[in-house]
Amino acid sequence: MNQDEQRARLEDLYAAHAASVRGYLRRRTDSATTDDLLSDVFVVAWRRLEQIPPDALPWLLACARNLLANSVRSERRRTALIGLLRDNAPPATLPIEEPKTRLAEAFATLRSHDREALLLVAWEGLSSDEAAAVVGCSRRTFARRLQRARNRLAAALRSAGPTNTNPLMEACND
């Protein structure tokens, strides 16, 4: 089957069965999840187009059922993890959200990629290798980005006036 034939088959499957698959999913979950899972069903159908039998609706509904089960399991794990993290999170020692602190004011002046680099290392506790993977760059590029961010934060704090030493700044200079 060439690509045009595959596309036509998928379009035919969608036209014939999308409403039934949507109804099946809608009776089992919310509308946003229904839309996401419906898309996922037809992505799987595209990938496995050769495996779909002539009577496609049962196959599509089985696929929807499996994707829904995976979604429910993922949501259950995500909820449990959020609860675990919330219960075990260390108390914040310096609330950045408080706009009256010098650090928060200096931090707010930084560009978003500078803030991201500092937060990944200082607040999330990631190594440079891990943080580089998060932002999608090499370790060396991230190290330069982090050093520039530290310098910009230090300059912003200096321009805000003298103060006592700050534990977060000491952590940024490590």
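Located above this text is the structure these notes cover.
Residues numbered from 1 in each chain as written. Predicted model: local features only at pLDDT ≥ 70, side-chain atom pairs only at ≥ 80, totals over all residues. Heavy atoms only, no water.

Tallying secondary structure elements over the chain gives eight helices and zero strands in all. When the elements of the chain are put in sequence order from the N terminus, they spell out α-α-α-α-α-α-α-α. Taken across its 174 residues, the chain has 29% of its residues classed as buried. Considering only residue pairs separated by 6 or more positions, the chain has 56% of its internal contacts joining residues 24 or more positions apart. Accessible surface for the chain amounts to roughly 11700 Å². Of this, 51% is attributable to carbon and sulfur atoms. (Helix = DSSP H or I, 4+ residues; strand = E, 2+ residues; numbered from the N terminus. Buried < 20%, exposed > 50% of the residue type's maximum accessible area, 1.4 Å probe, protein only. Contact = heavy atoms within 4.5 Å. Areas by Shrake-Rupley, 256 points an atom, 1.4 Å probe, with all protein chains shown as cover.)

A few words now on the pattern of salt bridges. Scanning all chains against the criterion turns up five salt bridges. A salt bridge links glutamate 75 to arginine 78; its shortest N-O distance comes to 2.7 Å. With a gap of three residues between them, glutamate 75 and arginine 78 both fall in helix α3 (residues 56–88), about one helical turn apart. Via salt bridges that share partners, Arg111, Asp114 and Arg152 belong to a single interconnected network. (Salt bridge = Lys/Arg side-chain N within 4 Å of Asp/Glu carboxyl O.)

Another aspect to go through is the environment of alanine 160. Tracing the chain through its elements places alanine 160 in the loop between α7 (139–159) and α8 (167–172). Along the backbone, alanine 160 and alanine 106 are 54 residues apart, and their C-alpha atoms lie at a distance of 7.4 Å.

Attention now moves to α3. With 33 residues, α3 extends 48 Å between its outermost C-alpha atoms, agreeing within 8% with the 48 Å of an ideal straight helix rising 1.5 Å per residue. The inward-facing, buried residues of α3 contact α1 (3–26) and α2 (31–47). (Expected span 1.5 Å × (residues − 1).)

Right, let's get into the packing of aromatic side chains. Under the criterion given, the structure shown has one aromatic pair. Between tyrosine 14 and phenylalanine 42, the aromatic rings sit 4.9 Å apart at their centres with planes inclined by 65°, giving edge-to-face as the arrangement. Within this pair, whereas tyrosine 14 is found in helix α1, its partner phenylalanine 42 is found in helix α2, the two being separated by 28 residues in sequence. Given a relative accessible area of 40%, tyrosine 14 falls into the partly exposed group. For phenylalanine 42, a relative accessible area of 7% gives the class buried. The ring of tyrosine 24 carries arginine 28 above its face, with NZ or CZ at 3.8 Å from the centroid. (Phe/Tyr/Trp six-rings, centres within 6.5 Å; stacked < 30°, edge-to-face > 60°. Lys NZ or Arg CZ within 6 Å of the ring centre and 35° of its normal.)

Attention shifts here to the packing of α1 against α3. Closest axis-to-axis distance for the α1/α3 pair is 10 Å, and the angle between their directions is 40°. One finds that α1 runs oblique with respect to α3. Taken as a pair, α1 and α3 cross one another with a handedness that is right-handed. Contacts between α1 and α3 involve Leu13, His17, Ser20, Val21, Tyr24 and Leu25 from the former and Ala56, Leu57, Leu60, Leu61, Ala64, Arg65 and Leu68 from the latter. The residue inventory of the contact of α1 with α3, partitioned by class, reads 10 nonpolar, two polar and one charged. (Axes fitted to C-alpha atoms, helices over the stretch in contact; angles between N-to-C directions. Parallel < 35°, antiparallel > 145°, perpendicular 65-115°, else oblique. Left-handed = near helix turned anticlockwise from the far one by under 90°. Nonpolar A, V, L, I, M, F, W, Y, C, P; charged D, E, K, R; others polar.)

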